[in-house]
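Fold and geometry: a report
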Amino acid sequence: MSLMWVSVTECNQSHIYHLTQMIKEDENLQILLSYGAPDMDIRDGGVLRRKIEHVLSLLGVPSHLKGCQYLKTGIDLCIQSMEELDGITKRLYPDIAGIHHTTAETVEHAIRHAIEAAWQRGDENTQKRLFGYSHMEGRRPTNSEFIYRLADYFINDDGKYLS
């Protein structure tokens, strides 16, 4: 029996053709498909980024808003160091702004707008599972609550609330 690992993210039409030819030639061949390397940690760049995008989508954050991009960056920075949230206006917003070549005030406003949009259109059950309350209860998380909860989710609770 032969075993082959294939990363779906690096696969194109030609690769798929060759894989099907290999399967035809060797009936004992087993192919493992994944979204990253077999030993890739959840916090490795692309995989984590896709998971953040998925959860933001579940929460209803519109992907076309700048605030969505800023949230992805902010959550990623907080996963790397939760100390980013110690001074959200003095540390996290300026760090996000530096990465995206804008101002901290623009980042704060865009994130607030994205959270407001998500809270109005997002799935109530997902909101309740992650935050303990939903838009139906008349409140929404602050920027720091939103970022902290999602960063904490990816660090400690990955999959626990959304499975």
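The rules behind these values
Residues numbered from 1 in each chain as written. Predicted model: local features only at pLDDT ≥ 70, side-chain atom pairs only at ≥ 80, totals over all residues. Heavy atoms only, no water. Helix = DSSP H or I, 4+ residues; strand = E, 2+ residues; numbered from the N terminus. Buried < 20%, exposed > 50% of the residue type's maximum accessible area, 1.4 Å probe, protein only. Contact = heavy atoms within 4.5 Å. Areas by Shrake-Rupley, 256 points an atom, 1.4 Å probe, with all protein chains shown as cover. Axes fitted to C-alpha atoms, helices over the stretch in contact; angles between N-to-C directions. Parallel < 35°, antiparallel > 145°, perpendicular 65-115°, else oblique. Nonpolar A, V, L, I, M, F, W, Y, C, P; charged D, E, K, R; others polar. Core = buried A, V, L, I, M, F, W, Y, C linked by side-chain atoms within 4.5 Å. pLDDT = per-residue confidence, 0-100. Salt bridge = Lys/Arg side-chain N within 4 Å of Asp/Glu carboxyl O. Phe/Tyr/Trp six-rings, centres within 6.5 Å; stacked < 30°, edge-to-face > 60°. Lys NZ or Arg CZ within 6 Å of the ring centre and 35° of its normal.

**Examining the overall build of the protein**
Regarding its fold elements, the protein presents seven helices and two strands. Listing the helices and strands of the protein from first to last along the sequence gives β-α-β-α-α-α-α-α-α. Across the 163 residues that make up the protein, the buried fraction comes to 37%. Considering only residue pairs separated by 6 or more positions, the protein has 60% of its internal contacts joining residues 24 or more positions apart. Only carbon and sulfur atoms are counted for the fraction: they give 50% of the accessible area of the protein, which is about 9,600 Å².

**Quick look at the packing of helix α3 (residues 66-80) against helix α5 (residues 104-121)**
In contact at an axis separation of 7 Å, α3 and α5 are set at 105 degrees when each is read in the N-to-C sense. Considering the angle they form, α3 stands roughly perpendicular to α5. Across the interface between the two elements, Lys66, Gly67, Cys68, Tyr70 and Leu71 of α3 pack against Thr106, Val107, Ala110, Ile111, Ala114 and Ile115 of α5. Counted by class, the contact of α3 with α5 contains eight nonpolar, two polar and one charged residues.

**Things to note about the nonpolar core**
By size, the foremost hydrophobic cluster in this structure holds 38 residues, and its most contacted members are Leu56, Leu71, Ile111, Phe146 and Ile147. Of all the secondary-structure elements, those providing two or more residues to this core are α2 (45-59), α3, α4 (88-100), α5, α6 (124-131) and α7 (143-156). Beyond its immediate chain neighbours, meaning those up to four positions away, Ile147 contacts Leu71, Gly74, Ile75, Cys78, Leu85, Ile88, Leu92 and Ile111.

**Here we look at the confidence of the model for the protein**
Summarising the model, the protein shows a mean pLDDT of 81, and 77% of its residues fall at 70 or more. Within the protein, α5 carries the highest mean pLDDT (95), whereas strand β1 (residues 2-7) carries the lowest (61). Low confidence marks residues 36-43, where pLDDT is under 50. Its contacts with residues over four positions away, or in another chain, come to 13 contacts. Below pLDDT 50 for its whole length, residues 158-163 participates in 15 contacts with residues either more than four positions away or in separate chains.

**A word on the pattern of salt bridges**
Summed over all chains, the structure comprises four salt bridges. In this structure, Glu108 engages Arg112 in a salt bridge whose closest nitrogen and oxygen atoms are separated by 3.0 Å. Here Glu108 and its partner Arg112 are both found in helix α5, four residues apart, which amounts to about one turn of the helix. Among the residues examined, Arg112 registers a relative accessible area of 27% and is labelled partly exposed.

**Examining the packing of aromatic side chains**
Throughout the structure, instances matching the rule amount to four aromatic pairs. With a centroid separation of 5.4 Å and an interplanar angle of 15 degrees, the aromatic rings of Phe131 and Phe146 are classed as stacked. With a gap of 15 residues between them, Phe131 in helix α6 and Phe146 in helix α7 connect regions that are remote in the sequence. We classify Phe146 as buried; its relative accessible area is 0%. Three or more aromatic residues link up through ring pairs in this structure, and these residues are Trp119, Phe131, Tyr133 and Phe146. Over the face of the ring belonging to Tyr133 we find Arg139, whose NZ or CZ atom lies 3.7 Å from the ring centre.

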